[in-house]
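# A closer look at the structure
So the chains spell out like this:
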Amino acid sequence: MLYLLAADAILIIHVLFVAFVIIGLLLILLGKARGWCWVRNPWFRLFHIAAIGVVTVTSWFGVMCPLTVWEKALRQHAGEAVYSGSFIPHLLEKILYYNAPMWVFTVCYTLFAAIVAASWLWVRPRPFTKFSNNDTS
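Residues numbered from 1 in each chain as written. Predicted model: local features only at pLDDT ≥ 70, side-chain atom pairs only at ≥ 80, totals over all residues. Heavy atoms only, no water.

## Quick look at the environment of F112
- With respect to the secondary-structure elements, F112 resides in helix 5 (residues 102-122).
- Its relative accessible area of 22% is what places F112 among the partly exposed residues.
- Sequence spacing of F112 and I52 is 60 residues, and the spatial spacing of their C-alpha atoms is 7.8 Å.
- F112 has contacts with V21, I22, L25 and I52, leaving out every residue within four places of it along the chain. (Helix = DSSP H or I, 4+ residues; strand = E, 2+ residues; numbered from the N terminus. Buried < 20%, exposed > 50% of the residue type's maximum accessible area, 1.4 Å probe, protein only. Contact = heavy atoms within 4.5 Å.)

So, in structure tokens, the structure goes:
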């Protein structure tokens, strides 16, 4: 039971990670149009570009996401059936009934990463500064 709870926790973290990457970009672009200062927060932007960067680089090298590996191992220890392949293709297949070779996802990750990188240039983050109690933006 503990293995299954841990696997479910990792799955939730994985979904939140994917949501952060996708929704983060949408919020950056919307924030540019709406004049939201927080979308220029350098820490938010650094974590965002690093997140999609890790996904993209691991896909280039054919490395399965560590969250997927851990979740599958925990589900296997719990005696539960595990899905084959990587998390994102599995999730998309379940949600959209879409099945494609892994290279298609690698291309999609790369294109999404290029858009995130372009957003870094189009919606410039503020410079990194020392944290102060007066910094509310």
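## Considering the side chain of S59
- As for its position among the elements, S59 is in helix 2 (residues 42-60).
- For S59, a relative accessible area of 11% translates into the label buried.
- Within the structure, S59 has its side chain in polar contact with the backbone oxygen of T56 (distance 2.7 Å).
- In this view, S59 contacts T106 and Y109; residues no more than four positions away in its chain are not counted. (Polar contact = N/O pair within 3.5 Å; in protein donor to acceptor, adjacent residues only side chain to side chain.)

## Comments concerning helix 2
- For helix 2, which comprises 19 residues, the first-to-last C-alpha distance of 26 Å matches the rise-based estimate of 27 Å (1.5 Å per residue) to within 8%.
- Buried residues of helix 2: P42, F44, R45, H48, A51, I52, T56 and S59, and no others.
- Against helix 1 (2-34) and helix 5 lie the buried residues of helix 2.
- Two to three positions downstream of the cap, the backbone nitrogen of W43 sits 2.8 Å from a side-chain oxygen, assigning the N-cap of helix 2 to N41.
- Within two residues after helix 2, G62 carries a phi angle of roughly 70°, on the positive side. (Expected span 1.5 Å × (residues − 1).)

## Things to note about a nonpolar patch on the surface
- Taken together, the side chains of W43, L46, F47 and F128 define a hydrophobic patch exposed on the protein surface, amounting to about 440 Å² of accessible area.
- Locating F47 in the fold gives a position in helix 2. (Patch = residues over 30% accessible without salt bridge, like charges linked within 9 Å, V, L, I, M, F, W, Y side chains within 5 Å. Areas by Shrake-Rupley, 256 points an atom, 1.4 Å probe, with all protein chains shown as cover. Salt bridge = Lys/Arg side-chain N within 4 Å of Asp/Glu carboxyl O.)

## Details of the pattern of salt bridges
- Counting across every chain of the model gives two salt bridges.
- D8 serves as the salt-bridge partner of R75, at 2.7 Å between the closest nitrogen and oxygen. Remark: D8 occurs in helix 1 and R75 occurs in helix 3 (residues 66-77); sequence separation between them is 67 residues.
- Residue R75 is classed as buried on the basis of its relative accessible area of 7%.
- The class of D8 is partly exposed, set by a relative accessible area of 31%.
- Notably, a salt bridge pairs E71 with R75, separated by 2.8 Å at the nearest N-O pair. Highlighted residues: E71 and R75, both in helix 3, separated by four residues, approximately one helical turn.
- A relative accessible area of 2% places E71 in the buried class.

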